[in-house]
Amino acid sequence: MIDFHCHLDLMKDPAKTVRELEVAQIYVLSVTTVPKAFPKTSRLVKVKGRIRTALGYHPQLVGERPNELPLFERMLHETRYVGEVGLDGGKEFTKSQSSQAKIFSEILSLCRSDGSKIVSIHSRHAADAVLDKIEEHPGFGVPVLHWFTGNRFELERAIKLGCWFSIGAPMLRTAKGKATVAKMPSERILTETDAPFASSNISSSLSEATKGLSNIWRMDAIETANTLKSNLATLVA
């Protein structure tokens, strides 16, 4: 199984969670919310294991922690993965939207300069603005839109821009979510949990997401799992 977006450092017992994931042989992208969290989170996992740690700067935290970009830049060479980054257009983050846009642009520019990165991107209430930034910064790497809830036109634009999508079980519990996922290219989809926010049990959440995709793709469980594994291999190749 694959969890391409979870917050290991925010789990109730991160070390125990890591041990359970290793036993279950789950491939994981462990995203961080601020640059200062990256070193400690990286030390939770084995260098050559199935868990990778991403360097993040969450848009919801930009307003209260606006000065961590230099730290982000210093550590960027230590990982191929960036996340969680992006933009949040929610009303509660209106005051920080200008700062969010500036920092997200800087992050994409840094990724382009440091070498192609795989970037897990937050786009809540800001899909078009995120896609604008992606379009403005060619060569930064591969965008993976985490929990994408944009409209049909935004989805079509994202697909044309080469975006990937990480899909969690809650997205597949509604008719709208299923319809959106059905329009995404199956070869550019990975599963995620967004644990601990959207799930407290990673394995069961991934099983539910995989079953949901099986129903949409009209594949059996084994074929769906193999498709997801092939997608991951393609992404990281």
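To start, this report covers the structure provided alongside it. A quick note: this is a predicted structure, and the numbers were derived from the prediction, not measured.

Quick notes on the overall build of the protein
A count of helical and extended segments in the protein gives nine helices and eight strands. Relative to the globule expectation of 18 Å for 237 residues, the C-alpha radius of gyration of the protein, 17 Å, shows essentially globular dimensions. For the protein, the C-alpha atoms occupy an extent of roughly 45 × 40 × 35 Å along the three principal directions. Looking at the protein as a whole, 51% of its 237 residues qualify as buried. Within the protein, contacts between residues separated by at least 24 positions form 69% of all contacts whose residues are at least 6 apart in sequence. For the protein, the accessible area works out to roughly 11400 Å², and carbon and sulfur atoms hold 51% of it. Positive and negative side-chain charges of the protein, numbering 31 and 26 respectively, have mean locations separated by a distance of 3 Å.

Concerning the packing of helix α8 (residues 202-217) against helix α9 (residues 221-236)
The geometry of α8 relative to α9 is characterised by a closest axis approach of 9 Å and an angle of 105° between their N-to-C directions. Relative to α9, the element α8 is oriented roughly perpendicular. Here α8 contributes T210, L213, S214 and W217 to the contact with α9, which in turn contributes A221, T224, T227 and L228. Counted by class, the contact of α8 with α9 contains four nonpolar, four polar and no charged residues.

Focus on the pattern of salt bridges
Under the definition given, this model contains ten salt bridges. D114 is paired through a salt bridge with K117; the nearest N and O atoms lie 2.7 Å apart. Residue class for D114 comes out partly exposed when judged on its relative accessible area of 36%. In this structure, K133 and E136 form a salt bridge, with 4.0 Å as the shortest nitrogen-oxygen distance. Of this pair, K133 and E136 both sit in helix α5 (residues 127-136), three residues apart, which is roughly one turn of the helix. Residue E136 is classed as partly exposed on the basis of its relative accessible area, which comes to 48%.

Observations regarding the nonpolar core
Core analysis: the biggest nonpolar cluster contains 53 residues, and F4, F72, I107, L145 and F165 have the highest contact counts within it. Per-element tally for this core: the top contributor is helix α4 (residues 97-114), with six residues. In this view, L145 contacts I121, V130, L131, I134, A158, C163, W164, F165 and S166; residues no more than four positions away in its chain are not counted. Among the nonpolar cores identified, the runner-up in size contains twelve residues, and L8, V18, V45 and L206 belong to it.

Things to note about the sheet that holds strand β2 (residues 27-30)
Ordered by their spatial adjacency, three strands build an open sheet running β1-β2-β3, and the pairing between neighbours is parallel. Looking at strand neighbours, the two that pair on one side only are β1 (2-6) and β3 (51-53), the edges of this open sheet. Taken pair by pair, the neighbouring strands of this sheet meet at an average axis angle of 10°, ignoring direction. The sheet contacts of α9 involve β1 and β2, and relative to β1 the element is tilted by about 60°.

Calculation notes
- Residues numbered from 1 in each chain as written.
- Predicted model: local features only at pLDDT ≥ 70, side-chain atom pairs only at ≥ 80, totals over all residues.
- Heavy atoms only, no water.
- Helix = DSSP H or I, 4+ residues; strand = E, 2+ residues; numbered from the N terminus.
- Rg over C-alpha atoms; globule rule 2.2 N^0.38 Å.
- Buried < 20%, exposed > 50% of the residue type's maximum accessible area, 1.4 Å probe, protein only.
- Contact = heavy atoms within 4.5 Å.
- Areas by Shrake-Rupley, 256 points an atom, 1.4 Å probe, with all protein chains shown as cover.
- Lys, Arg positive; Asp, Glu negative; His and termini not counted.
- Charge placed at Lys NZ, Arg CZ, Asp CG, Glu CD.
- Axes fitted to C-alpha atoms, helices over the stretch in contact; angles between N-to-C directions.
- Parallel < 35°, antiparallel > 145°, perpendicular 65-115°, else oblique.
- Nonpolar A, V, L, I, M, F, W, Y, C, P; charged D, E, K, R; others polar.
- Salt bridge = Lys/Arg side-chain N within 4 Å of Asp/Glu carboxyl O.
- Core = buried A, V, L, I, M, F, W, Y, C linked by side-chain atoms within 4.5 Å.
- Pairing = 2+ DSSP bridges.

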